[in-house]
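Structural overview for review
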Number of protein chains: 2
Amino acid sequence: MAHAACPLCTGVGGTLVFQGRKFRLIRAEEAGFPAFYRLVWTDHVAEFSDLDEADRSLCMAAVNVVERALREHLQPTKINLATLGNVVPHLHWHVIARFDWDTHFPSPVWAAALRGLELTHLQEVIVRLAPAEQTMALGLASMGKQG
Amino acid sequence: MAHAACPLCTGVGGTLVFQGRKFRLIRAEEAGFPAFYRLVWTDHVAEFSDLDEADRSLCMAAVNVVERALREHLQPTKINLATLGNVVPHLHWHVIARFDWDTHFPSPVWAAALRGLELTHLQEVIVRLAPAEQTMALGLASMGKQG
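Here the structure is a predicted model, which means the values were calculated and not measured.

Next up on the list: the overall build of chain A. Along chain A, the regular secondary structure elements total 4 helices and 5 strands. For chain A, the succession of helices and strands along the chain, N to C, is α-β-β-β-α-β-β-α-α. Within the span of chain A, comprising 147 residues, buried residues form 56% of the whole. Long-range pairs, those at least 24 residues apart, make up 51% of the contacts in chain A between residues at least 6 apart in sequence.

Now the structure itself:
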């Protein structure tokens, strides 16, 4: 199911937070967005609707674990979820904690920046990532369905 | 559960395709993106994780119906799914058929345009929307869970 030309088949794609059989969670390296995660499906499928119902449920349950951990630990202004895959058509869900002080808020992270980096605020988020990721990894491991 | 200041509580938000008890489907009016739909949750909740597991399943099953109808009728290059809500924090899922000729592809629809409108291609999509929406409405009606 792996494609030699696909960067999410051949590489991790970021900092690994959790590795399961059917999916992994990585922290993306997106400047200005420290709490930007990607839930990457292991098999190379392009669309969410390529998954069967059980796998769609599993996938969204995993997204929900990440979202809840972000809310609990970071109290973001908003959570943003998206699966686009126009450039890398290998199923991955963006799970992003957004803050009213971030460079793009309330625009999407893919739009133009509206202001500069708030380094003090960024630092406050960054120090909370380790405990947030521990909650994510424990939650994903306890799902017990990805074998 | 409705908020007087919320445009998705006080208005439909687009062209109504299907109205259920727990959600509705609307076609958005986004220039250059004729096959841009929004699955709007009826109750005013901000985050996907505000829903319980049964409602999250129902919501994503509905998104899946819309996605599959778009794939079947329009053969898009890619489907894009997102719930952002930074401006209107009332749960709604964007379900967007993307084409390699559209103004922004492969960028997200929220990024800068990369090219002009392809009117001939747009017209080919627009004439297929009615049968696609019939498939969506029938599929959503037959889910039988939103009462």
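A few words now on the interface of chain A and chain B. Facing 32 residues of chain A, the contacting portion of chain B comprises 32 residues. Both sides together, the interface formed by chain A and chain B hides about 2700 Å², and carbon and sulfur atoms give 50% of it. Considering only the surface of chain A that becomes buried against chain B, Glu47, Lys78 and Asn86 of chain A emerge as the three largest contributors, covering 22% of it. Here chain A and chain B share 4 salt bridges between them. For Asp50 of chain B, the salt bridge identified is with Arg71 of chain A, shortest N-O distance 2.9 Å. Our count for the contact surface shared by chain A and chain B stands at 24 residue pairs in polar contact (both at pLDDT 80 or more). Strand direction decides the pairing type here: strand 4 (residues 78-83) of chain A and strand 4 (residues 78-83) of chain B, joined by 3 bridges, are antiparallel. Pairing of Thr83 of chain A across the sheet is with Leu81 of chain B, part of strand 4 of chain B.

Two copies of one chain are present, and they are related through a rotation about an axis combined with an axial shift. When chain A is fitted onto chain B, the two copies agree to an RMSD of 0.0 Å after a turn of 180° and an axial shift of 0.0 Å. Interpreted geometrically, this transformation is the action of a two-fold axis. Taken together, the interface assignments show that 100% of the residues at the interface of chain A recur at the interface of chain B, consistent with an identical surface on both copies.

This part covers the environment of Ala35 of chain B. Residues and elements named next belong to chain B. Following the sequence through the fold, Ala35 ends up in the loop between strand 2 (23-27) and strand 3 (36-41). Along the primary structure Ala35 and Pro108 are separated by 73 residues, whereas in three dimensions their C-alpha atoms are 14 Å apart. Sequence-distant contacts of Ala35, that is, excluding residues within four places in its chain, are made with Leu70, Leu74, Val95, Ile96, Ala97, Val125 and Leu129.

Quick look at the side chain of Asn86 of chain A now. For Asn86 of chain A, the position within the fold is in the loop between strand 4 and strand 5 (92-98). Overall, the relative accessible area of 11% leaves Asn86 of chain A in the buried class.

Below, the discussion takes up unusual backbone geometry. Residues and elements named next belong to chain A. Here Phe105 and Pro106 are connected by a cis peptide whose omega angle stands at 5°. Relative to the helices and strands, Pro106 is located in the loop between strand 5 and helix 3 (119-126). For Gln75, which is not glycine, the phi dihedral falls at a positive 45°. Looking at the element boundaries, Gln75 is found in the loop between helix 2 (53-74) and strand 4.

What follows covers the state of the cysteines. Residue and element names in this part refer to chain A. Evaluation of the coordinates by the stated rule reveals 0 disulfides over all chains. Take Cys6: it sits in no disulfide, and the sulfur closest to it among the cysteines is that of Cys9, at 3.9 Å. Residue class for Cys6 comes out buried when judged on its relative accessible area of 5%.

This next bit is on the packing of helix 2 of chain A against helix 4 (residues 129-141) of chain A. Residues and elements named next belong to chain A. Contact geometry for helix 2 and helix 4: axes closest at 9 Å, N-to-C directions at 150°. One way to sum up the angle between helix 2 and helix 4 is to call them roughly antiparallel. Between helix 2 and helix 4 lies a crossing whose hand is right-handed. Taken together, the residues of helix 4 that come into contact with helix 2 (itself represented by Ala62, Val65, Val66, Ala69, Leu70, Glu72, His73 and Leu74) are Leu129, Pro131, Ala132, Thr135, Met136, Gly139 and Leu140.

Conventions we followed
Residues numbered from 1 in each chain as written. Chains lettered and ligands numbered in written order. Predicted model: local features only at pLDDT ≥ 70, side-chain atom pairs only at ≥ 80, totals over all residues. Heavy atoms only, no water. Helix = DSSP H or I, 4+ residues; strand = E, 2+ residues; numbered from the N terminus. Buried < 20%, exposed > 50% of the residue type's maximum accessible area, 1.4 Å probe, protein only. Contact = heavy atoms within 4.5 Å. Buried area = accessible area lost by both parts, 1.4 Å probe. Salt bridge = Lys/Arg side-chain N within 4 Å of Asp/Glu carboxyl O. Polar contact = N/O pair within 3.5 Å; in protein donor to acceptor, adjacent residues only side chain to side chain. Pairing = 2+ DSSP bridges. Least-squares fit on C-alpha atoms with pLDDT ≥ 70 in both. Disulfide = S-S within 2.5 Å. Axes fitted to C-alpha atoms, helices over the stretch in contact; angles between N-to-C directions. Parallel < 35°, antiparallel > 145°, perpendicular 65-115°, else oblique. Left-handed = near helix turned anticlockwise from the far one by under 90°.

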